[in-house]
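# Report on the structure
Residue strings, one per chain:
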Amino acid sequence: MINVLVCGICGNMGKNITALLDGDSEAKVVCGVDIKAPEGANTPIYASFNEVKEKVDVVIDFSSPVCLESEMDYCVKNGVPAVIAATGYTKEQLGYIDECARKVAVFRTANFSVGINLLVKLVKEAAVFLGEGFDIEIIEKHHNKKADAPSGTALMLADSANSAFDGGKQYLNGRSGNTGKRGSEIGLHAVRGGTIVGEHEVMFCGEDEIITLSHSARSKKVFASGAIRAAKWLAGKPAGKYDMNDLLADL
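In this text, all values refer to a predicted model and were calculated from it rather than measured experimentally.

### Some remarks on the nonpolar core
Counting residues in hydrophobic clusters, the biggest one holds 31 residues, and the most contacted among them are Val4, Ile17, Ile60, Phe62, Val83, Phe107 and Phe112. Listed by contribution, the elements that provide at least two residues to this core are β1 (2-7), α1 (12-21), β2 (27-33), β4 (58-61), β6 (105-108), α6 (221-234) and α7 (244-249). With 8 residues, the single largest contributor to this core is α6. Core analysis: the second largest hydrophobic core is formed by 24 residues, Val33, Phe49, Ile84 and Ile97 among them.

Next comes the structure, spelled out in structure tokens:
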């Protein structure tokens, strides 16, 4: 049985992780870390990683970048792999994740949906096939409580398309005012409203035709399920940085 620590256990995604692992034959939640720990919780919940007493085999983090340093310090010190599912990290924090991955197994992807990861592959193939003759625009939509924009998934899709051009295209986040003629950039546009779970649309706009590749998540359970799959796969892995491509290649 794999013992799981959920960072951000009191949030929506943390609750989904707990619910999906209830009665699971391979993994169980043994504790959580959250600054909003309620009284009378069935699972031990700590305000910081320094307080954790349970034996932990893997951490699943759906919290925020604020927790990164204390979380990774705990993981490196105790040799515990980490599944990092939060987004909005700075370049410095991403560098810190890479540094820690040399000491402990770290699984990180901007989106744990299998469908999104298929979309990433299709976007690259489309960009390679269509080339410079098509402008690329990405539209992402999320609920009104999402703090970062553009989404990590939108950036992952942009990177996938940009890899077809050796990373040579710049990213333009939205447009305002007299911006002049469009260049060779990849445009990213964010919509925030209501309870939208997550929608991503990649448009390849050519002369007299538009090709659109899209994905719509109808429930946050798809992300929680993917994170759990990653946690089960990551437990016991040697130090290194892993992502969904590694997991899918192992199936």
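There's more to say after this.
### Section: the side chain of Asp61
By the element assignment, Asp61 lies in strand β4. Among buried Asp, Glu, Lys and Arg side chains, Asp61 stands out as unpaired, with Arg108 the closest opposite charge at 9.2 Å. Setting aside its immediate chain neighbours within four residues, Asp61 contacts Cys7, Glu71, Val83, Ile84, Ala85, Ala86 and Tyr89.

### Remarks on the sheet that holds strand β9 (residues 186-192)
Pairing between the strands of a sheet is mediated by backbone hydrogen bonds and can be parallel or antiparallel. Taken in spatial order, the 5 strands make up an open sheet running β8-β9-β7-β10-β11, and their pairing is mixed. Here the strands that pair on one side only, and so sit at the sheet edges, are β8 (171-173) and β11 (209-217). Direction aside, the axes of adjacent strands within the sheet are offset by 15° on average. Sitting on the sheet, helix α5 (residues 152-162) touches β7 (135-142), β8, β9 and β10 (198-206), and the angle it makes with β9 is about 165°.

### Remarks on the pattern of salt bridges
Tallied over the full model, the rule gives 11 salt bridges. When the shortest N-O distance is used, the salt bridge between Glu137 and Arg182 registers 2.6 Å. Of the two residues, Glu137 sits in strand β7 while Arg182 sits in the loop between β8 and β9, which places them 45 residues apart along the sequence. A salt bridge links Arg175 to Glu185; the shortest N-O distance between them is 2.8 Å. With a gap of 10 residues between them, Arg175 in the loop between β8 and β9 and Glu185 in the loop between β8 and β9 connect regions that are remote in the sequence. Connected via shared salt-bridge partners are Asp135, Glu137, Arg175, Arg182 and Glu185.

The rules we used
Residues numbered from 1 in each chain as written. Predicted model: local features only at pLDDT ≥ 70, side-chain atom pairs only at ≥ 80, totals over all residues. Heavy atoms only, no water. Core = buried A, V, L, I, M, F, W, Y, C linked by side-chain atoms within 4.5 Å. Buried < 20%, exposed > 50% of the residue type's maximum accessible area, 1.4 Å probe, protein only. Helix = DSSP H or I, 4+ residues; strand = E, 2+ residues; numbered from the N terminus. Lys, Arg positive; Asp, Glu negative; His and termini not counted. Salt bridge = Lys/Arg side-chain N within 4 Å of Asp/Glu carboxyl O. Contact = heavy atoms within 4.5 Å. Pairing = 2+ DSSP bridges. Axes fitted to C-alpha atoms, helices over the stretch in contact; angles between N-to-C directions.

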